[in-house]
Amino acid sequence: MPEGDSVWKAARRMRGHLVGRTVVRSDFRVPQLATADLGGRSITAFDSYGKHMLTRFSGGLTLHTHFKMDGAWQVVGPGKRLPRTFDDEIRLVLETDGPTAYALRMPVLELVETAREDEVIGHLGPDLLGPSWDEDVAVDRLLRDPEAPLVEALLDQRNLAGIGNLWAVETCFLRGHSPWTPVRDVDLRATVRLARRMMQHSLDHPGQVTTGNTRRGETHWVYGRAERPCRRCGTPVAFRDAVTGKPWSRETWWCPHCQPGPFPSLAERPTRPGFRRGVNEESFGSRGRRLRGAPGYARGARG
Ligand SMILES: [Zn+2]
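Summary of the structure given here. Predicted, not measured: the structure shown is a model, and the values here were computed from it.

Our focus in this paragraph is the overall build of the chain. Of regular secondary structure, the chain possesses seven helices and 10 strands. The 303 residues of the chain split such that 39% are buried. Counting only contacts in the chain whose residues sit at least 6 apart along the sequence, the fraction spanning at least 24 positions is 64%.

Here it is as structure tokens:
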């Protein structure tokens, strides 16, 4: 799933192509919007909020999209179109007086009045990468459930918006906490500042590097490195799969030595035969396609 910084970068790219353009033709290929027509409206903004995208049109209309696991926006130059092999994946064609934009595989696609955007993003905490970022509010919200495991609290978008699994897992490592440390035992300001600093750095640098080393296979401390030696102490990196029924539980990696604190009991760490031991960090960003249909992979349940 794209993290907040990836969505932010996508919004920046789309903004450059489309803001100021007028829609010549729109073609929604989702049943609930089949009759919607954006023709004649100009595109006034392309913004991100956490992992959500807001495309605003003249006349006070906003298109809300969310990539979830593998949605994407694509742009082609004037007069061009995407190859037909993409036809099954197209959810919206936005033809403008300049480029044409396509929303692909987008699981969330809805129109709201711009004045009522709160209905779709109002539940979210402060956006780490947004102009209205507020550390005090984020820390207050993180503390609403003092017993919550750190990694899950960081991923809960109602606390703060934009952190995905990569940043959550790597932040826990760099702060030296087991991912299951209750938030009440954590310096939340320092933790949130670190996550934000790493994400901000990512906005102007390729990849999502936490180690400072951009060499292939060296970019992360623990993310995607199950059973490989910790870069700091050599202890094999531990892995736990997401727990079904816990909405903010995700695949988790940690170093049991560098990250002291509570960790799940063995009973909570399923080890069925052939169990996938976590994604390879090299595959980050292309997991959606690579793993689609892999046996036993309950992607849909994790949304
Ligand atoms: Zn270690």
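Looking now at the sheet that holds strand β1 (residues 23–28). Within a sheet, adjacent strands bond to each other through the backbone by hydrogen bonds, running parallel or antiparallel. Pairing within the open sheet is antiparallel, and its four strands lie in the order β1-β6-β7-β5. The sheet is open, and its two borders are formed by β1 and β5 (72–76), each paired with just one other strand. Along the sheet, successive strands turn relative to each other by an average axial angle of 15°, direction set aside. Here strand β6 (residues 90–96) pairs with strand β7 (residues 100–104) via five bridges, running antiparallel.

For strand β2 (residues 43–49) and strand β3 (residues 52–57), the ladder comprises six bridges, and the chain directions are antiparallel. Counted as the bridge partner of alanine 45 is arginine 56 from β3.

Read from one edge to the other, the open sheet built from four strands follows the order β2-β3-β4-β8, with strand pairing classed as antiparallel. Two strands close off the open sheet at either side, each with one partner strand: β2 and β8 (108–113). Strand-to-strand twist in this sheet, taken as the mean axis angle between neighbours without regard to direction, amounts to 20°.

Before going further, it helps to spend a moment on the nonpolar core. Grouped burial of nonpolar side chains is what soluble globular proteins tend to show. In this structure, Val169, Val222 and Trp253 are the most contacted members of the largest nonpolar core, which totals 61 residues. The greatest single-element share of this core, amounting to six residues, is contributed by helix α5 (residues 165–175). For this core, the two domains that each supply at least three residues are domain 1 (4–121) and domain 2 (135–284). If sequence neighbours within four positions are ignored, valine 169 has contacts with Val151, Pro179, Val222, Tyr223, Thr252 and Trp253.

Positionally, glycine 60 belongs in the loop between β3 and β4 (61–66). The sequence separation of glycine 60 and valine 112 amounts to 52 residues, and the corresponding C-alpha distance is 8.8 Å. Residues in contact with glycine 60, not counting those within four places in the same chain, are Glu113, Thr114 and Ala115.

Moving on to the environment of arginine 81. Along the chain, the position of arginine 81 falls in the loop between β5 and β6. Considering only alpha carbons, one finds arginine 81 and tyrosine 102, 21 residues apart in sequence, at a separation of 9.2 Å. In this structure, arginine 81 is in contact with Val76 and Thr100, ignoring residues within four places of it in sequence.

The α-helix winds at 3.6 residues per turn, so residues separated by three or four positions along the chain end up facing the same way. Here helix α1 (residues 4–18) is 15 residues long and its end C-alpha atoms lie 21 Å apart, about the 21 Å a rise of 1.5 Å per residue gives. Among the residues of α1, Gly4, Asp5, Ser6, Val7, Trp8, Ala11, Met14 and Leu18 are the ones counted as buried. Contact partners of the buried residues in α1: β2, β3, β5, β6, β7 and α6 (188–203). Positive phi appears at glycine 20, one or two residues downstream of α1, with a value of about 95°.

Attention shifts here to the environment of lysine 68. Checked against the element boundaries, lysine 68 lands in the loop between β4 and β5. You can call lysine 68 partly exposed: it has 18 C-beta atoms within 10 Å. Taking the C-alpha atoms as reference, lysine 68 lies 7.8 Å from valine 108; in sequence the two are 40 residues apart.

On to unusual backbone geometry. Glycine aside, residues mostly have negative phi angles, and peptide bonds mostly take the trans form. With a phi close to 50°, arginine 105 is a non-glycine residue in the positive phi region. As for its position among the elements, arginine 105 is in the loop between β7 and β8. Its 16 C-beta neighbours within 10 Å are what place arginine 105 among the partly exposed residues. The backbone of glutamate 227 sits at a positive phi, close to 70°, despite the residue not being glycine. On the basis of neighbour counts, which here come to 11 C-beta atoms within 10 Å, the residue glutamate 227 falls in the exposed class.

About the cut-offs
- Residues numbered from 1 in each chain as written.
- Predicted model: local features only at pLDDT ≥ 70, side-chain atom pairs only at ≥ 80, totals over all residues.
- Helix = DSSP H or I, 4+ residues; strand = E, 2+ residues; numbered from the N terminus.
- Buried ≥ 20, exposed ≤ 12 C-beta atoms within 10 Å, placed from the backbone.
- Contact = placed C-beta atoms within 7 Å.
- Pairing = 2+ DSSP bridges.
- Axes fitted to C-alpha atoms, helices over the stretch in contact; angles between N-to-C directions.
- Core = buried A, V, L, I, M, F, W, Y, C linked by C-beta atoms within 7 Å.
- Domains from an automatic or database assignment.
- Expected span 1.5 Å × (residues − 1).

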